[in-house]
Amino acid sequence: MSSFETRFYCTERAIWPRIQRNLSLVVWIAKVILAWFTQGRRLRKAGRHALREKRVLYLDDLIDSGKDD
Amino acid sequence: MTNRFPTPDYHFNYRKAPVSGNTINGLGEMSQRRARQVFHGSGARKLEWSALETFFGLTMPLQIYIRNALNRWELRKADGPLARKRTPVPDSAKMSKQLKSIARHAGAGAVGITPMTEDALYEGQTADYQSAIVIALPQDYETMRAVTTVKAATETVDTYRDVSRIVMTLAAHIRSLGWRARAYGESADLLHIPLAINAGIGQLGKHGSVIGTEFGSNFRLASVLTDIPLAMDSTVDIGVDDLCLGCQRCTIDCPADAISNRQQWVRGKKKWYVDFDRCVMYFVKTFGCGICIEVCPWSRPGRGPSLSQTLLAKRAKRDPT
């Protein structure tokens, strides 16, 4: 994994690396937005249910958690 | 605690709590070390509290979520190629003045310049730059009075977008002079608070945010790291500790009871510290909270300069040396 800056900041003058960067950033943003409609929808629904039923929603059950290093 | 804000009960939690954010932050540690990321990760590594962060992001209303995502598109311009020819800078003070003027013209509320130091970087990160230009952009106070609501959260996201635009403009100008410059807007790769304090934007308040003379805490920060020769600003003493030692407004109003009335040891420095574990749960519940910023008496428009004068005068009277 690398940070947003490492992945998407481009200091090269040539146009092709910048086009490549723009394309990969568009794909990244599209994935981020898609996540709101897919995983996010499940989480919001589960959250509403938990609120209505006055119980606790355990994040570890729904979201991959923990360190990777 | 006032009943103006939502109560600190949560319909979400961890079954097995991650390591305390206070431990990650170095609460109680007497020796100095760099900070570790704990929330709002840069993506460089998966954080211990990442599940809560994912929950925070994905349960945000779409209008805020989309704004955040689109801000990332703009942030691609935070760095770029340098001009082929480097413009010499014989007078660093004049250059500092010129850059501050550009920043203010672009909308900055306060600008400060400081040498780039390691304490602005998380463990394992590098940023090989000479100095940092720190920008503070005030938020609309009336809108921010609606903290804990979507309306205030939207204002915060928009302020981050606007302050990012200012630092990107500034960085682009510096690069056009042939000097390296990278803007850090809504970035998780840089700690803006230590830089802002060193650059004289303000002092650390007991609520863990910087308090500046004019806007109190009601602003958002962004920075430019650069190599262009600049004259440095120094830290300021505007009387924040005098206020925070006597004022209990944010301590009382924080529903999560996360703000302490005393300074504590954190990574080798005694300073104000907010209990991460208490703060973050309420932060997630209330679209980024912001109560402590809004209730701080210094944040009230027009109040800061006279408040600072009064506090410093009281101190001088108390301790004439």
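Along each chain, the written sequence defines residue order, and numbers are assigned to residues from 1. Each chain gets a letter, beginning with A, and each ligand a number, beginning with 1, in the order they are written. Where local features are concerned, this predicted model is filtered to residues with pLDDT of at least 70; where side-chain atom pairs are given and counted, the filter is 80 or more; whole-chain, interface and lining totals use all residues. To obtain the side-chain values, all non-hydrogen atoms of the structure were used and water was disregarded.

Under an unreviewed UniProt entry, the name given to chain B is Epoxyqueuosine (OQ) reductase QueG, and the source organism is hydrothermal vent metagenome.

Asks: Break down a nonpolar patch on the surface for me, with residues and values.
Replies: Residue and element names in this part refer to chain A. Any residue with relative accessible area above 30% and no salt bridge may belong to a patch, with like charges joined within 9 Å and the nonpolar Val, Leu, Ile, Met, Phe, Trp and Tyr side chains within 5 Å. Method for areas: the Shrake-Rupley scheme with a 1.4 Å probe, in which residue coverage is limited to the protein chains shown. The working definition used for a salt bridge is a side-chain nitrogen of Lys or Arg within 4 Å of a carboxyl oxygen of Asp or Glu. A cluster of nonpolar side chains, contributed by Ile15, Trp16, Ile19 and Leu23, occupies part of the molecular surface with about 440 Å² of accessible area. Note on conventions: DSSP H or I runs of at least 4 residues are helices, E runs of at least 2 residues are strands, and numbering of each starts at the N terminus. Relative to the elements of secondary structure, Ile19 occurs in helix α2 (residues 15-37). Look at Ile19 and you get partly exposed, because its relative accessible area is 35%. The classification of residues rests on relative accessible area computed with a 1.4 Å probe and restricted to protein chains. Under 20% of the type maximum is buried, over 50% is exposed, and intermediate values are partly exposed.

Asks: Tell me about the side chain of Arg21 of chain A, and please be specific about residues and values.
Replies: Turning to its location among the elements, Arg21 of chain A is positioned in helix α2. Charged-residue counts in this description rest on Lys and Arg as positive and Asp and Glu as negative, His and the chain ends being excluded. No salt bridge is formed by the buried Arg21 of chain A; its nearest oppositely charged neighbour, Asp79 of chain B, is found at 8.7 Å. Excluding anything up to four places from it in sequence, Arg21 of chain A contacts Phe8, Tyr9 and Cys10 of chain A together with Arg76 of chain B. Whether two residues are in contact is decided by their heavy atoms, any of which lying within 4.5 Å being enough.

Asks: Explain the pattern of salt bridges residue by residue, including any values.
Replies: Residue and element names in this part refer to chain B. What the rule picks out here adds up to 25 salt bridges over all chains. Ionic pairing is found between Arg34 and Glu118, a salt bridge with its closest N-O pair at 3.5 Å. Highlighted residues: Arg34 in the loop between α1 (21-25) and α2 (50-58) and Glu118 in the loop between β2 (110-115) and β3 (131-138), separated in sequence by 84 residues. Look at Arg34 and you get buried, because its relative accessible area is 18%. For Lys269, the salt bridge identified is with Asp119, shortest N-O distance 3.7 Å. Here Asp119 lies in the loop between β2 and β3 and Lys269 lies in strand β9 (residues 269-271), a separation of 150 residues in the sequence. By relative accessible area, Lys269 is classed as partly exposed at 38%.

Asks: Lay out the pairing of β3 of chain B with the relevant residues and their values.
Replies: Successive residues of a regular strand alternate their side chains across the two faces of the sheet. Residues and elements named next belong to chain B. By the criterion of burial, β3 is predominantly enclosed, with seven of the eight residues buried. DSSP bridges decide pairing: two strands pair if at least two such bridges lie between them. Strand direction decides the pairing type here: β2 and β3, joined by six bridges, are antiparallel. Looking at the pairing, Ile113 lines up with Ile133 of β3. Sheet topology note: the β3/strand β7 (residues 219-226) ladder contains eight bridges and is antiparallel. In the strand pairing of β7, Ala132 is matched with Leu225.

Asks: Tell me about the packing of aromatic side chains, residues and numbers included.
Replies: Aromatic rings in a pair are described by how distant their centres are and how their planes are angled relative to each other. When two rings of Phe, Tyr or Trp (its six-membered ring) have centres within 6.5 Å they constitute a pair, described as stacked for plane angles under 30 degrees, edge-to-face for angles over 60, and tilted for the intermediate range. For the structure shown, the criterion picks out 14 aromatic pairs over all chains. Ring geometry for Phe4 of chain A versus Tyr9 of chain A: centroids 6.3 Å apart, planes at 85 degrees, classification edge-to-face. Judged on exposure class, the residue Phe4 of chain A and its partner Tyr9 of chain A are both buried. Geometrically, the ring pair formed by Phe56 of chain B and Phe283 of chain B is tilted, given 5.1 Å between the ring centres and 40 degrees between the ring planes. Residue Phe56 of chain B is located in helix α2, and its partner Phe283 of chain B is located in helix α10 (residues 276-285); the two are separated by 227 residues in the primary sequence. Taken together, Tyr14, Phe39, Trp49, Phe56, Phe276 and Phe283 of chain B form an aromatic cluster joined through their ring pairs. As a reminder, the over-ring test applies to NZ of lysine and CZ of arginine, requiring each to be within 6 Å of the ring centre and within 35 degrees of the ring normal. Of note, Arg76 of chain B hangs over the ring of Trp73 of chain B, and the distance from its end group to the ring centre comes to 3.8 Å. Arg180 of chain B extends its terminal NZ or CZ atom over the ring of Tyr129 of chain B, reaching a point 4.3 Å from the ring centre.

Asks: Summarise the interface of chain A and chain B; cite the residues concerned and give the values.
Replies: Chain A puts 43 residues into the contact, and the matching count from chain B is 45 residues. Note on terms: buried area is the combined drop in 1.4 Å-probe accessible area of two parts once they are placed together, counting the loss on both. Buried area between chain A and chain B, summed over both chains or domains, comes out near 3,800 Å², and the portion from carbon and sulfur atoms is 63%. Ranking the residues of chain A by area buried against chain B places Tyr9, Arg13 and Trp36 of chain A at the top, with a combined share of 18%. For the pair chain A and chain B, the interface holds one salt bridge.

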